[in-house]
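Residue strings, one per chain:
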Amino acid sequence: MSITVRINGTEHRLDVDPEMPLLWVLRDVLSLTGTKYGCGEALCGACTVHLDGHVVRSCVTPIRRAAGAAVLTIEGLSPDGTHPLQQAWAELGVPQCGFCQAGQLMTAAGLLKKHPRPTDEQIDQSMAGNLCRCGTYPRIRAAIKKAAGELP
Ligand code: FES
Ligand code: FES
C-alpha cells in the first residue's frame with residue numbers, strides 16, 4: 001500500500017506497511033535520524049515530531065495516521081538551525097549528551113506555537129513527558145524563556 005506524506009515540506013510516496021511506526025519511516029526509510037528512539041512506548045519523548053501541527057510521539061504513531069498529513073521533524077524546524085529555540089539552546093549550552101534534545105526542541109516548539117509567552121506551569125506541563133537522563137531541565141526551561149522573549 002502506498003502512503004503519501006509531506007515531511008518537512010517535501011511530499012513522499014511511501015510503499016510501507018501502514019502499521020509501521022512513523023519513527024521507523026523517518027529513520028530507516030528516509031534517513032532522517034535526528035528523531036531518536038528512546039523507549040518505543042510513548043514514555044520518554046525522544047521521538048517527538050509534529051503531525052499537522054500537533055506534538056506526537058512518532059514511536060507509537062503508525063504511518064497510516066500520517067497519510068495526507070504534514071510531518072515536521074527536527075531537520076525541518078528551521079532551514080538553517082536559526083529557530084529562536086535552537087539559538088537559545090546553543091547560547092545557553094543546553095545539551096549534555098544530546099540524545100533527548102531533538103524531542104525536547106520539538107515539544108518546546110509546539111508549546112511556543114500554542115503559548116508564545118508560556119508560564120512556568122505551562123512549560124512544566126508541556127515538557128513533563130520529555131525525559132532527560134542528563135538532567136538538563138533547568139537549562140531547557142531557561143532556553144524556552146529566552147526564546148519566548150525573542151519571538152515577535
Ligand atoms: S521513543 Fe517514543 S516516547 Fe520514547
Ligand atoms: S542531554 Fe542527555 S539525555 Fe538529555
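The coordinates are above.
Residues numbered from 1 in each chain as written. Chains lettered and ligands numbered in written order. Predicted model: local features only at pLDDT ≥ 70, side-chain atom pairs only at ≥ 80, totals over all residues. Heavy atoms only, no water.

Caption draft 1: Looking closely at the overall build of the protein chain. Broken down by element type, the protein chain carries 5 helices and 5 strands. Counted from the first residue to the last, the protein chain has its helices and strands arranged as β-β-α-β-β-β-α-α-α-α. The C-alpha atoms of the protein chain give a radius of gyration of 15 Å, which matches the 15 Å a tight globule of 152 residues would have. Seen through its C-alpha atoms, the protein chain measures out along the principal axes to roughly 45 × 30 × 25 Å. Buried residues in the protein chain amount to 43% of all 152 residues. Excluding contacts between residues fewer than 6 apart, the proportion of contacts in the protein chain whose partners are at least 24 apart in sequence is 57%. (Helix = DSSP H or I, 4+ residues; strand = E, 2+ residues; numbered from the N terminus. Rg over C-alpha atoms; globule rule 2.2 N^0.38 Å. Buried < 20%, exposed > 50% of the residue type's maximum accessible area, 1.4 Å probe, protein only. Contact = heavy atoms within 4.5 Å.)

Caption draft 2: Quick look at the packing of helix H3 (residues 101-114) against helix H4 (residues 120-127). The N-to-C vectors of H3 and H4 enclose an angle of 135°; their axes lie 10 Å apart at closest approach. For the element pair H3 / H4, the angle class is oblique. Along this stretch, H3 crosses H4, giving a crossing that reads as right-handed. Residues Gln104, Thr107, Ala108 and Leu111 of H3 touch H4, and the partners they reach there are Gln122, Ile123, Ser126 and Met127. Among the residues forming the contact of H3 with H4, the class breakdown is 4 nonpolar, 4 polar and no charged. (Axes fitted to C-alpha atoms, helices over the stretch in contact; angles between N-to-C directions. Parallel < 35°, antiparallel > 145°, perpendicular 65-115°, else oblique. Left-handed = near helix turned anticlockwise from the far one by under 90°. Nonpolar A, V, L, I, M, F, W, Y, C, P; charged D, E, K, R; others polar.)

Caption draft 3: Expanded view of the pattern of salt bridges. Considering all chains together, one arrives at 6 salt bridges under this definition. Among the ionic pairs, Arg64 bridges to Glu19, the shortest N-O distance being 2.7 Å. Of this pair, Arg64 sits in the loop between strand S4 (54-57) and strand S5 (70-72) while Glu19 sits in the loop between strand S2 (10-15) and helix H1 (22-29), placing them 45 residues apart in sequence. Note on Arg64: relative accessible area 41%, which makes it partly exposed. We classify Glu19 as partly exposed; its relative accessible area is 46%. Each of Asp120, Asp124, Arg141 and Lys145 takes part in one network of salt bridges that share partners. (Salt bridge = Lys/Arg side-chain N within 4 Å of Asp/Glu carboxyl O.)

Caption draft 4: Up close: the packing of aromatic side chains. Under the defined criterion, the tally for this structure stands at 1 aromatic pair. Ring centres of Trp24 and Tyr37 lie 5.4 Å apart, and the angle between their planes is 40°; on these two criteria the pair is classed as tilted. Residue Trp24 is found in helix H1, and its partner Tyr37 is found in the loop between H1 and strand S3 (48-51); the two are separated by 13 residues along the sequence. Classification of Trp24 by relative accessible area gives partly exposed; the value is 31%. You can call Tyr37 partly exposed: its relative accessible area is 39%. Of note, Arg133 hangs over the ring of Phe99, and the distance from its end group to the ring centre comes to 5.8 Å. (Phe/Tyr/Trp six-rings, centres within 6.5 Å; stacked < 30°, edge-to-face > 60°. Lys NZ or Arg CZ within 6 Å of the ring centre and 35° of its normal.)

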